[in-house]
Amino acid sequence: MYVSPNSGSRADLLVIDDTLANLRLLVNLLRENGYKVRAVSNGYEALETIQKSPPDLILLDILMPDLSGYEVCKRLKLDVNTQDIPIIFLSALSDGLDKVKAFTVGGSDYITKPFQVEEVLARVKNQLTIQWHKKQLQLEILEREQAQEALRVQYQREQALNRVIRSIRNSLEISTVFSTAVTEIGQLLQADWVAIVQHFSQHRSWQPIVEYFPNSDLAKLVNAKLSSPRYLLTERLKLLQTFCVENPQEILDEFNQDLVEQYPRIWLQIPVYSDGEVWGSLSIVRHHSVPWSETDVELAVVVTDQLAIAIGQSQLYQQLHQVNQELEHLANLDGLTQVANRRRFDRVLEQEWLRLRREKLPLSLILADIDYFKLYNDTYGHLAGDDCLRQVAQTIHQTLKRPADVVARYGGEEFAVILPNTSLPGALQVAEHIRQAVFNLQLTHQASPGKGVITLSLGVSSLIPPMDEEQQILIQKADQALYKAKKQGKNIVCKL
Ligand SMILES: [Mg+2]
């Protein structure tokens, strides 16, 4: 019963009565029963005392000169700082106590004079108990609201973090990961600028890779400033330190100091590392001067860790992509002559056959065979033979002008040239150029019964691919033409 609803210590009561005998009686009674009691004898003094130090409970005489108890009560109820203090009115029945009015103006209870000790104590205790429960309830509501708010904030953060992580896992495009990260963290931390800044150690420079700006004025400023290569926060980042900047004096370099001075704000800077070295930083700026909370920093660090993983993944992916491309290239190349191999020839011929069949356009094929090549190998050896194959392959390759034309090593000393969108006269012309170019190489072939140099025989076929035929028909025809060229004395071009 002695406990204050506010402080947990003894309850603090204020007694207000203009009759000193009443005042003394009540003060003594209440003190004897363990309360802390203050006493005043008029309304104005009461208001002043209450303003300075609000009591837990007020006992208030109704009939007083100057300011009545009702008036004091009304004024207290109008002030947010005092409106919750319970008031017990004191009145003699002979004073004409208006019970309804007492409650209407905001009184909690009333006691009639002459005072009965038990009644006074019971009513005081009653009001203090009600007040204590009220406070407890308010406290519980507040705690619940705070807990709910904390949960809401935590939920929002987890959602945002999940979005960032999902984006990182779902995207091989590092730029998508970066832009998701800065937008999410910018919105979540109510930042005015978020940037992922990459450090280029060779040039000793920093460059924002991606930025988030809810405020476009700042965007202009930052972009202008970042053209300066000086970004000396590097030293802090190199120590792998996360740090907050709250005072422009802390920032030594010109670029950052300018910004901090123009915009009263705080910076949060977190290093992003890859392979144990500083790759760059996540830089977050807020105008309003709410300090970074521990959870803000934790969240930013988690995002930064995810970024580091994404950067590592992206680098691996790029390497893998490059290796795959090299492998793909190698898989399509003839190792000896460095022109397309038979595998690629088959694929290109099929693709072009289908495409030109749809488009009803001609496809031509040249098959070229080195004359007396077995004799060349027997005479000069296989190393010289390989060298000869390389030279002939490269010569054919150089003769072709259009990117879609493909030369492939078809067999031992046999080459094939695919000429899409080329009719027979065009293909014959190309074949003749090839024959001439190889002849012009003047590769000595003493054992040859022909011209004493390496020559080619070439067979040409050309077709607008018919609907009911496959590309083998084109190969057969070119092969027959080649056979004809061989029969007719070699070093010539034949068509079928
Ligand atoms: Mg009185």
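Residues numbered from 1 in each chain as written. Predicted model: local features only at pLDDT ≥ 70, side-chain atom pairs only at ≥ 80, totals over all residues. Heavy atoms only, no water.

Going by an unreviewed UniProt entry, the protein carries the name Diguanylate cyclase (GGDEF domain) and comes from Planktothrix serta PCC 8927.

*Asks:* Is there a simple way to think about the overall build of the protein in this case?
*Replies:* Check the secondary structure of the protein and you find 15 helices and 15 strands. Expressed as a percentage of the 496 residues in the protein, the buried residues total 46%. Contacts in the protein between residues at least 24 apart in sequence constitute 63% of all its contacts with a sequence separation of at least 6. Of the accessible surface of the protein, which amounts to about 26,200 Å², a share of 51% is contributed by carbon and sulfur atoms. (Helix = DSSP H or I, 4+ residues; strand = E, 2+ residues; numbered from the N terminus. Buried < 20%, exposed > 50% of the residue type's maximum accessible area, 1.4 Å probe, protein only. Contact = heavy atoms within 4.5 Å. Areas by Shrake-Rupley, 256 points an atom, 1.4 Å probe, with all protein chains shown as cover.)

*Asks:* Just checking my understanding: could you explain the sheet that holds strand 12 (residues 406-409) for this structure?
*Replies:* Pairing in this open sheet of five strands is mixed, and the strands run 12-13-11-14-15 from one edge to the other. Unpaired on one side and paired on the other, strand 12 and strand 15 (493-495) mark the two borders of the sheet. Recorded for the sheet is a direction-independent mean angle of 20° between the axes of neighbouring strands. Lying on the sheet, helix 13 (residues 382-399) is in contact with strand 11 (363-370), strand 12, strand 13 (414-420) and strand 14 (456-463); it crosses strand 13 at an angle near 10°. (Pairing = 2+ DSSP bridges. Axes fitted to C-alpha atoms, helices over the stretch in contact; angles between N-to-C directions.)

*Asks:* Would you mind going over helix 13 with me for this structure?
*Replies:* Each full turn of the α-helix corresponds to 3.6 residues, which orients residues three or four apart in the same direction. Taking 1.5 Å as the rise per residue, helix 13 with 18 residues should run 26 Å; its terminal C-alpha atoms sit 26 Å apart, in good agreement. What helix 13 keeps buried is the set G385, C388, L389, V392, A393, T395, I396 and T399. Taken down its axis, helix 13 places every buried residue within 160° of arc, on the same side. Exposed residues on helix 13 whose side chains face more than 90 degrees from its buried face are L383 and Q398. Residues of helix 13 that are buried sit in contact with strand 11, helix 12 (373-380), strand 12, strand 13, helix 14 (424-441) and strand 14. (Expected span 1.5 Å × (residues − 1). Arc of directions from axis to C-beta.)

*Asks:* What is the right way to look at the pattern of salt bridges in this model?
*Replies:* Proximity of charged atoms lets side chains of opposite charge pair with each other. Enumeration over the complete set of coordinates arrives at 23 salt bridges. A salt bridge links D109 to R123; its shortest N-O distance comes to 3.1 Å. Residue D109 is found in strand 5 (residues 109-113), and its partner R123 is found in helix 5 (residues 117-170); the two are separated by 14 residues along the sequence. D109 gets classed as buried once you look at its relative accessible area, which sits at 9%. (Salt bridge = Lys/Arg side-chain N within 4 Å of Asp/Glu carboxyl O.)

*Asks:* Whenever I open this one, the nonpolar core confuses me. Can you help?
*Replies:* Counting residues in each nonpolar core, the largest one holds 31 residues, and the members touching the most others are I185, V194, I196, I284 and L307. Secondary structure elements with two or more residues in this core: helix 5, helix 6 (174-188), strand 6 (193-200), strand 7 (205-212), strand 9 (266-274), strand 10 (277-286) and helix 10 (294-331). It is helix 10 that provides the largest number of residues to this core, a total of seven residues. When neighbours within four sequence positions are excluded, V194 is seen to be in contact with V182, I185, G186, V210, E211, Y212, L282, S283 and I284. C388, L400, V417 and I454 belong to the second largest nonpolar core, which has 26 residues in total. (Core = buried A, V, L, I, M, F, W, Y, C linked by side-chain atoms within 4.5 Å.)

*Asks:* Looking at this model, I keep getting lost on the coordination of the magnesium ion. Mind explaining?
*Replies:* Surrounding the magnesium ion are the protein donor atoms D18 (OD), D61 (OD) and L63 (O), at 2.1 to 2.3 Å. In this structure D18 comes out as partly exposed when scored by relative accessible area, which is 31%. (Donors = N, O, S within 2.8 Å, 3.2 Å for Na, K, Ca; no water.)

*Asks:* Honestly, the sheet that holds strand 3 (residues 57-61) in this entry has me stumped. Any pointers?
*Replies:* Pairing within the open sheet is parallel, and its five strands lie in the order 2-1-3-4-5. Both outer strands of the open sheet, strand 2 (36-40) and strand 5, are each paired with one neighbouring strand and no more. On average, adjacent strands in this sheet sit at an angle of 20° to one another, irrespective of strand direction. One ladder, built from four bridges, connects strand 3 with strand 4 (residues 87-92); its direction is parallel. Paired with I58 across the bridge in strand 4 is I87. Running at roughly 170° to strand 2, helix 1 (residues 20-32) makes contact with strand 1 (12-16), strand 2, strand 3, strand 4 and strand 5 of the sheet. Of the strands in this sheet, strand 3 and strand 4 are in contact with helix 3 (residues 69-78), which crosses strand 4 at around 170°.

*Asks:* How should I be thinking about a nonpolar patch on the surface in this particular structure?
*Replies:* Taken together, V323, L327 and L330 make up a surface patch of nonpolar side chains, about 290 Å² in accessible area. Inspection of the secondary structure puts V323 in helix 10. (Patch = residues over 30% accessible without salt bridge, like charges linked within 9 Å, V, L, I, M, F, W, Y side chains within 5 Å.)

*Asks:* It is not clear to me how the environment of K77 should be interpreted in this structure. Could you clarify?
*Replies:* Its location among the elements puts K77 in helix 3. Considered as a pair, K77 and I87 are 10 residues apart in the sequence and their alpha carbons are 9.9 Å apart. Those residues in contact with K77 that lie beyond four places of it in its chain are Q83, I85, I87, V105 and G106. Side-chain polar atoms of K77 contact the backbone oxygen of I85, separated by 3.1 Å. (Polar contact = N/O pair within 3.5 Å; in protein donor to acceptor, adjacent residues only side chain to side chain.)

*Asks:* Which parts of the structure should I look at to understand the environment of P114?
*Replies:* Tracing the chain through its elements places P114 in the loop between strand 5 and helix 5. Along the chain, P114 and L90 lie 24 residues apart, while their C-alpha atoms are 9.7 Å from each other.

*Asks:* Help me understand the confidence of the model for the protein in this model?
*Replies:* Residues with a pLDDT of 70 or more make up 86% of the protein, whose mean pLDDT is 86. Note that residues 223-232 has pLDDT below 50 and, in this model, 23 contacts with residues that lie over four places away or in other chains. (pLDDT = per-residue confidence, 0-100.)

*Asks:* Any chance you could explain a negative patch on the surface here in plain terms?
*Replies:* Residues E350, D468, E469 and E470 make up a contiguous surface patch of negative charge. One can find E469 in the loop between strand 14 and helix 15 (472-487). (Lys, Arg positive; Asp, Glu negative; His and termini not counted. Charge placed at Lys NZ, Arg CZ, Asp CG, Glu CD.)

*Asks:* Teacher, can you tell me more about the side chain of T422 here?
*Replies:* When you line up the elements, T422 lands in the loop between strand 13 and helix 14. Judged by its relative accessible area of 8%, T422 is buried. In this structure the side chain of T422 is engaged in a polar contact, spanning 2.5 Å, whose partner is the side chain of R402.

*Asks:* Before we go on, may I ask you to explain the side chain of H445 in this structure?
*Replies:* Tracing the sequence through the fold places H445 in the loop between helix 14 and strand 14. With sequence-adjacent residues up to four places away left out, H445 is seen in contact with D371, Y372, L375, Y376, Y380, G452, V453 and I454.

*Asks:* Teacher, can you tell me more about the packing of aromatic side chains here?
*Replies:* Geometrically, a pair of aromatic rings is defined through the distance of the ring centres and the angle of the planes. Overall, the coordinates contain seven aromatic pairs when judged by the stated rule. Ring centres of Y70 and F89 lie 5.6 Å apart, and the angle between their planes is 70°; on these two criteria the pair is classed as edge-to-face. You can see Y70 sitting in helix 3 and its partner F89 sitting in strand 4, a full 19 residues away along the chain. In terms of burial, Y70 and F89 fall into one category: buried. Relative to Y410, the ring of F345 has its centre 5.2 Å away and its plane inclined at 80°; by these criteria the two rings are edge-to-face. Of this pair, F345 sits in helix 11 (residues 342-359) while Y410 sits in the loop between strand 12 and strand 13, placing them 65 residues apart in sequence. There is no split in this pair, since F345 and Y410 are both buried. (Phe/Tyr/Trp six-rings, centres within 6.5 Å; stacked < 30°, edge-to-face > 60°.)

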